[in-house]
Amino acid sequence: MHSHDNPPKNKVRDAWMDFLPASFDIDRAPVGLYLPGAENLELDHYARKGIAPRQLIGCERDVAILPEVVRNARGIRVIAGAPAAAAPILMRERIAPIRFANLDFEGGYETHVRDILAALRLTAPCCDDSSDLAVTSYAARGHSLRDGSLHASKFRSTLDDHEMVYTQLRMMERRYEIAATMLANPYARPYSHLRRELGFMWWMVMGLGLMDIGRHGYGAFDTKFLSARISPGIDAIELRLNGNGHGEGLRLVREPMLAMAMEERTTILWPTAFRHILYYSPSGQPMQAWFLKYWRIEGGRYSLRDLCRQVWDLAVRTPLTFISADGMDVTINN
Ligand SMILES: C[S@@+](CC[C@H](N)C(=O)[O-])C[C@H]1O[C@@H](n2cnc3c(N)ncnc32)[C@H](O)[C@@H]1O
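Nothing here was measured: the structure is a model prediction, and the numbers come from that model.

Participant: Just checking my understanding: could you explain the overall build of the protein for this structure?
Facilitator: Looking only at helices and strands, one finds eleven helices and eleven strands in the protein. Over its C-alpha atoms the protein spans a radius of gyration of 20 Å, differing by no more than 12% from the 20 Å that the globule rule assigns to 334 residues. Taken along its principal axes, the extent of the C-alpha atoms in the protein is 55 × 50 × 35 Å. With 334 residues in all, the protein has 42% of them scored as buried. Put simply, of all contacts in the protein between residues at least 6 apart along the chain, 74% involve residues at least 24 apart.

Written out as structure tokens, the structure reads:
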């Protein structure tokens, strides 16, 4: 296990701290959840924002690392297990909704969707303050052209302008190509980074857009709408992609059923800021980090489709940051 005290990781941690509010005006309620790991390197940064250790919750699911996490907890509450397992415990205790979650996983985000949704439930904003979510995951693992076509087609089906989607996809892909020119060992193809990101962004549309506020102010994810109204549209896209044969490039299909379903529901959560960062771990593993800020809004105003446009705009408009092995950062926008 390598140390997380290394130049790129330290830079990403600093970027997360810059993304969060400078200070938190909260008295005793818990404020944040994170994965401290054995070293607990975030704690001093949170302290500089005025957060006391007892306002922080750390999750660790690896029992081999847990004793070290506890030894280094320095006053934070440690929960043995993943955020998805911690959420019902915290909800039962009626811990007040949390303001932020930093999930820096070791692995692909696809295997941690339940943890990501649990973090969104715990951080569903209740008043005038924003909430923030960070997700870091391995960037290289298997994102095929087919996954990319599927994720891009979900956005293509929801957004109106075909030409615009194509041009903006190409523009985003280009950013990753530029980042790839700086990689020592670019074994993940540039487009696979973008495809992973689109998959994650779609989860953000679903996670924020299908969140109701349930008992005691926690988010409640509307799985019924997901399976009854969204899944048939996605299945239709998959069917058409399967029938289209396998080409070299990204294929976009437009499924009107999906756009229609997304007009039927309104959202109470709204994202306003995004950051995406590409960097390498000391073992040469390409990593992607995404930060998202979101707010509670009046219900009935914006549809899921509006939310999808907003998430897409954030992805298009936000420059990509690449952090080199020695911790230098490059902002890429085109
Ligand atoms: C990347 S390290 C944490 C680094 C630390 N946050 C920092 O800024 O240096 C991730 C830690 O979380 C644990 N972990 C990974 N996935 C997890 C999950 N889904 N639930 C709980 N713990 C997890 C790992 O075992 C590891 O100890």
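Participant: Could you clarify how one ought to interpret the site of the ligand in this entry?
Facilitator: Of all residues adjacent to the ligand, which total 22 residues, the nearest are His-4, Leu-35, Gly-37, Arg-61 and Ala-82. Looking at the shell around the ligand, the elements that each hand over two or more residues are α1 (7-19) and β2 (56-60). For the shell around the ligand, a count of residues per class yields nine nonpolar, three polar and ten charged.

Participant: It is not clear to me how the nonpolar core should be interpreted in this structure. Could you clarify?
Facilitator: One broad rule of soluble globular proteins: the nonpolar side chains tend to lie buried together. Ala-101, Ala-119, Leu-122 and Val-205 are the most contacted members of the largest nonpolar core, which has 79 residues in total. Sort the elements by how many residues they give to this core and helix α8 (residues 190-209) lands first, with nine residues. In this structure, Ala-119 is in contact with Leu-33, Pro-83, Ala-101, Leu-103 and Leu-133, ignoring residues within four places of it in sequence.

Participant: When you look at the sheet that holds strand β9 (residues 286-296) in this model, what are you seeing that I'm missing?
Facilitator: Within a sheet, adjacent strands bond to each other through the backbone by hydrogen bonds, running parallel or antiparallel. With mixed pairing, the nine strands of this open sheet are ordered in space as β3-β2-β1-β4-β5-β9-β8-β10-β11. Across the chains shown, the open sheet's two edge strands, defined by having one partner strand only, are β3 (77-80) and β11 (329-332). Recorded for the sheet is a direction-independent mean angle of 15 degrees between the axes of neighbouring strands. Pairing analysis gives three bridges linking strand β1 (residues 32-34) to β2, with the strands arranged parallel. Of the residues in β2, the one forming a bridge with Gly-32 is Leu-56. Its contacts with the sheet place helix α4 (residues 83-92) against β1, β2, β3 and β4 (100-104), and it is angled at close to 140 degrees to β2. In this fold helix α7 (residues 162-180) packs onto β8 (269-280), β10 (320-323) and β11, with an angle of close to 15 degrees to the strand it touches most, β10.

Participant: Can you help me understand the pairing of β11 in this one?
Facilitator: The pairing of β10 with β11 spans four bridges and is antiparallel. For Ile-323, the partnering residue across the bridge sits in β11 and is Asp-329. The hairpin turn running from β10 into β11, its antiparallel successor, is five residues long, and Gly-327 in that turn takes a positive phi close to 85 degrees.

Participant: Is there a simple way to think about helix α5 (residues 113-122) in this case?
Facilitator: Note on helix geometry: an α-helix contains 3.6 residues per turn, so any two residues three or four positions apart are oriented the same way. Within α5, eight of the ten residues are buried, which leaves the element mostly enclosed by the surrounding structure. Taken residue by residue, α5 has Asp-115, Ile-116, Leu-117, Ala-118, Ala-119, Leu-120, Arg-121 and Leu-122 as its buried positions.

Participant: Can you walk me through the packing of helix α10 (residues 256-263) against helix α11 (residues 304-317) in this structure?
Facilitator: Two packed helices can be described by the angle between their axes and the distance between those axes. Interaxial distance between α10 and α11 falls to 6 Å at its minimum, and their mutual angle equals 110 degrees. Considering the angle they form, α10 stands roughly perpendicular to α11. Each of Ala-259, Met-262 and Glu-263 in α10 lies in contact with α11, whose residues at this interface are Leu-304, Arg-305 and Cys-308. When grouped by side-chain class, the residues that make up the contact of α10 with α11 number four nonpolar, no polar and two charged.

Participant: Is there a simple way to explain α4 in this structure?
Facilitator: Of all the residues in α4, the buried ones are Pro-83, Ala-86, Ala-87 and Leu-90. Along the axis of α4, the buried residues cluster in a sector spanning 110 degrees; they form a single face. Every exposed residue of α4 that faces more than 90 degrees away from the buried side is listed here: Pro-88, Ile-89 and Arg-92. Phi for Arg-94, located one or two positions after α4, is positive at around 55 degrees.

Participant: What should I look at first to understand unusual backbone geometry in this one?
Facilitator: Most of the time, phi is negative for any residue but glycine, and the peptide bond is trans. At Arg-74, a residue that is not glycine, the phi angle is positive and equals roughly 45 degrees. Position of Arg-74 among the secondary structure elements: in the loop between α3 (66-71) and β3. You can call Arg-74 exposed: it has 12 C-beta atoms within 10 Å.

Participant: Quick question: what am I supposed to make of the environment of Ser-3 here?
Facilitator: Residue position: Ser-3 is located in the segment before α1. Taking the C-alpha atoms as reference, Ser-3 lies 8.9 Å from Ala-38; in sequence the two are 35 residues apart.

Scoring rules and cut-offs
Residues numbered from 1 in each chain as written. Predicted model: local features only at pLDDT ≥ 70, side-chain atom pairs only at ≥ 80, totals over all residues. Helix = DSSP H or I, 4+ residues; strand = E, 2+ residues; numbered from the N terminus. Rg over C-alpha atoms; globule rule 2.2 N^0.38 Å. Buried ≥ 20, exposed ≤ 12 C-beta atoms within 10 Å, placed from the backbone. Contact = placed C-beta atoms within 7 Å. Near = placed C-beta within 6 Å. Nonpolar A, V, L, I, M, F, W, Y, C, P; charged D, E, K, R; others polar. Core = buried A, V, L, I, M, F, W, Y, C linked by C-beta atoms within 7 Å. Pairing = 2+ DSSP bridges. Axes fitted to C-alpha atoms, helices over the stretch in contact; angles between N-to-C directions. Parallel < 35°, antiparallel > 145°, perpendicular 65-115°, else oblique. Arc of directions from axis to C-beta.

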